[in-house]
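Summary of the model geometry
For reference, the chains in residue letters:
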Amino acid sequence: MDPALKLESSLWVGNKRHRAVLTGWKFNWTEIDKKNRDKKTSTVSVADIIGVEDGRVTILPHKSAEDTDKDFTVFYVNRIRSGSSHGLLWRLGRTQFTCPSRVLRDQWTKHLKAALRTHSPLRPSRLLVFINPFGGKKQGRDIYQSLVAPLFELAGISCHAIVTEQANQARDHLLKKDLTGFDGVVCVGGDGMFSEVLHGLIGRTQQEAGLSENNPGVTLQPCPLHIGIIPAGSTDCVCYATVGVIDPITSALHIIIGDSQPLDVCSVHHANILVRYSVSLLGYGFYGDVLAESEKHRWMGPLRYDYAGTMVYLNNRSYAGIVQFLPADPLLSSPRDKTRCLSGCSVCSRSTERLFPHCLDSSSLYSSHLSQISSDSDGDWVSVEGKFRCVSLACMSCSCPRSPLGLSPSAHLADGTGDLILVWDSHPLAFLKYLYRQTSTQDRFDMPFVEVHRVKAVRFSVSSNEEEEKYKEVRTPSEVEAAAAEEEYVEDLSRSGSQQHLTDKPAGHPKATCTPLCGLCCRKAPPLSVWNCDGEILPFTDILCRIHGQLVRLYARGIEDAAAMHACKEEMVKRERQ
């Protein structure tokens, strides 16, 4: 730190005198008793300071300011345990200091602000914000205006906010409008809103790099702009899996601090055409059927997922298919190694060095254009065929409040791989046991009909010609028309520009090949399920998936483990004493 930034003096907090010191990366103040003995010391990292204001100021729940000559207020991150989740809640801490003179007050505010500029050069200064006013409980606009905007203003961040009026408005804006001057993009909404921003930024980056997203073998260029997520939707799984809590204030403070969490992205292709990107879950069978059934009951709100899950389970269906996958290096990590991807994950850090070996710092990652999966020759593909309850590809743990450890507890956010979970046809009670383990800490893979593989790519196709014949036998005339429409749809995709097809649907194409749930009294189950891609139904069954390592970066730092944080604080105290 610049020696000129060091400052030490006596300050008052309330009616108690403190010795305040700004040095290195820390700002601390120690209470001094009447006999000039040190008592309690409070320490704040300069990197955790949100803002410094003259006078006596409060920001939340309502802003108020009392302009006094000798006072200043320091706002900083205050971490507290969350009772219902594994992450830490971040709150806006505030301490008001009184100086002996106005000159000294001005010195403190000047030095603290200079320290912020010195030690936090990656903090955003200008953000593009998209607000979904319809998602979740329709509180996105209120959450932003009452909780997030005041924090951004305190931190000196300039924002251009857009309240979306229709689906894919955010994606189209990012694909077509000038983004010069923005440091990042923030979405206020749920997983659907995040997906729009994700597709827009990835598509824009590939357009500017002259790359075809439709080519499944192409190495995609990492996005230069960070993405921030303010949770305000029906589902906020991406936020939960990357921060550990679903809390707008916590997410806003991560954005202000300028945290940077790389994130793998899975591209999904059909017939050499990009269908969609995924960052959390691709699910066929049970999870696809649940989504398809829940779409019929949107009027039920979030309860529709419970209802749909129950109905799908009672239908007791399995589906034939061929699964091919390209295994990842088992020496690097394993989906059953009992590790968790937490803040500062060593597996993801080593993956950064492996994926971008010539990059010396995070800012140069975006100039690198290296191949994570250059061709199908990177290893031998493994093929399995049979009947499955569900086939899932998880690019992260997929943790959520109902499943705190997630679908694959040891999956990593940024190691360039995904976890392929195969649940074979089994007894209904055995499958129910598997589903129950998703909500507990028990090993969900320690079951004879469950397999898990760490992979770099996956192909899925319908099982055999016999299945195709069976499919043709049960099709109705309307479904024959839908099949013809699908063929025309694929031809249109091959001629369309980057992602323009994502707003289109094949005319007459049903959400499932057959009605995914025909009721418990069905005489014949549909031969095909549908793919659930991050909460969206894909119009195709045969797909190719590839994992692109660290393709985007979020304003996050991974889940902060409370026990690990406590141990870290104790180590810091020990070092200070030494």
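Above this text is the structure in question.
My aim in this report is to walk through the structure given alongside it, one point at a time. (Residues numbered from 1 in each chain as written. Predicted model: local features only at pLDDT ≥ 70, side-chain atom pairs only at ≥ 80, totals over all residues. Heavy atoms only, no water.)

Examining helix α9 (residues 346-355)
Of the residues making up α9, those classed as buried are V347, C348, S351, T352 and L355. The buried residues of α9 occupy one face: seen down the axis, they fall within an arc of 145°. The secondary structure elements touched by the buried residues of α9 are β23 (543-554). (Buried < 20%, exposed > 50% of the residue type's maximum accessible area, 1.4 Å probe, protein only. Helix = DSSP H or I, 4+ residues; strand = E, 2+ residues; numbered from the N terminus. Arc of directions from axis to C-beta. Contact = heavy atoms within 4.5 Å.)

What about the nonpolar core?
Grouped together as the largest cluster of nonpolar side chains are 64 residues, with contacts concentrated most on F130, F194, V197, L201, F286 and Y434. Among the elements that line this core, the one with the most residues is helix α4 (residues 191-209), at 6 residues. Setting aside anything within four residues of it in sequence, one finds F130 in contact with I162, T164, A170, H173, L174, V185, V186, C187, V188, M193 and V197. (Core = buried A, V, L, I, M, F, W, Y, C linked by side-chain atoms within 4.5 Å.)

Things to note about the pattern of salt bridges
Close approach of charged atoms lets side chains of opposite charge pair. The full count for this structure, using the stated rule, is 23 salt bridges. For the salt bridge of E295 with R298, the shortest nitrogen-to-oxygen distance reads 2.9 Å. On the accessibility criterion, E295 (23% relative accessible area) is partly exposed. The partner of D425 in a salt bridge is R389, with the nearest N and O atoms 3.8 Å apart. Of this pair, D425 sits in the loop between β19 (418-424) and α10 (428-437) while R389 sits in strand β18 (residues 382-394); the two residues are 36 residues apart in sequence, bridging distant segments of the chain. (Salt bridge = Lys/Arg side-chain N within 4 Å of Asp/Glu carboxyl O.)

A closer look at the side chain of E196
Assignment of secondary structure puts E196 in helix α4. Despite being buried, E196 has no salt bridge partner; R171 is the closest side chain of opposite charge, sitting 6.7 Å away. The contacts of E196, once residues within four sequence positions are left out, are A167, N168, Q169, A170 and R171. (Lys, Arg positive; Asp, Glu negative; His and termini not counted.)

A closer look at the side chain of S267
Along the chain, S267 falls in strand β14 (residues 261-270). Once you skip the residues sitting within four places of it in the chain, S267 turns out to touch L274, R276, Y277, L544, C545, R546 and H548.

Thoughts on the pairing of strand β15 (residues 273-278)
Burial analysis of β15 places 6 of its 6 residues in the buried class, the great majority of the element. Bridge analysis of β14 against β15 gives 5 bridges, and the strand direction is antiparallel. Within β15, the residue paired with S267 across the bridge is Y277. Between β14 and β15, which pair antiparallel one after the other, the connecting turn spans 2 residues, and A271 there sits at a positive phi close to 55°. (Pairing = 2+ DSSP bridges.)

Some points on the environment of P526
Relative to the helices and strands, P526 resides in the loop between α12 (477-495) and β21 (531-533). Spatially, the C-alpha atom of P526 lies 8.8 Å from that of Y319, the residues being 207 residues apart in sequence.

Regarding the packing of aromatic side chains
Under the criterion given, the structure shown has 15 aromatic pairs. When the ring of F72 is compared with that of W108, the centres are 6.4 Å apart and the planes differ by 15°; the resulting orientation is stacked. Of the two residues, F72 sits in strand β8 (residues 71-81) while W108 sits in helix α1 (residues 102-119), which places them 36 residues apart along the sequence. Since its relative accessible area comes to 0%, F72 is described here as buried. Given a relative accessible area of 0%, W108 falls into the buried group. Pairing F431 with Y434 gives two aromatic rings, centres 6.0 Å apart and planes at 20°, and the pair type is stacked. A residue pair is termed a helical-turn pair when its members lie 3 or 4 positions apart in one helix, as F431 and Y434 do in helix α10 at 3 residues. Here F431 falls in the buried class, since its relative accessible area comes to 2%. A relative accessible area of 0% places Y434 in the buried class. Taken together, F27, W29, F72, Y76, F97 and W108 form an aromatic cluster joined through their ring pairs. The lysine or arginine in question, R126, covers the ring of F182, its NZ or CZ lying 4.2 Å from the ring centre. Its end group placed over the ring of W381, R459 keeps NZ or CZ at 4.0 Å from the ring centre. (Phe/Tyr/Trp six-rings, centres within 6.5 Å; stacked < 30°, edge-to-face > 60°. Lys NZ or Arg CZ within 6 Å of the ring centre and 35° of its normal.)

Keep in mind these values describe shape, not function.
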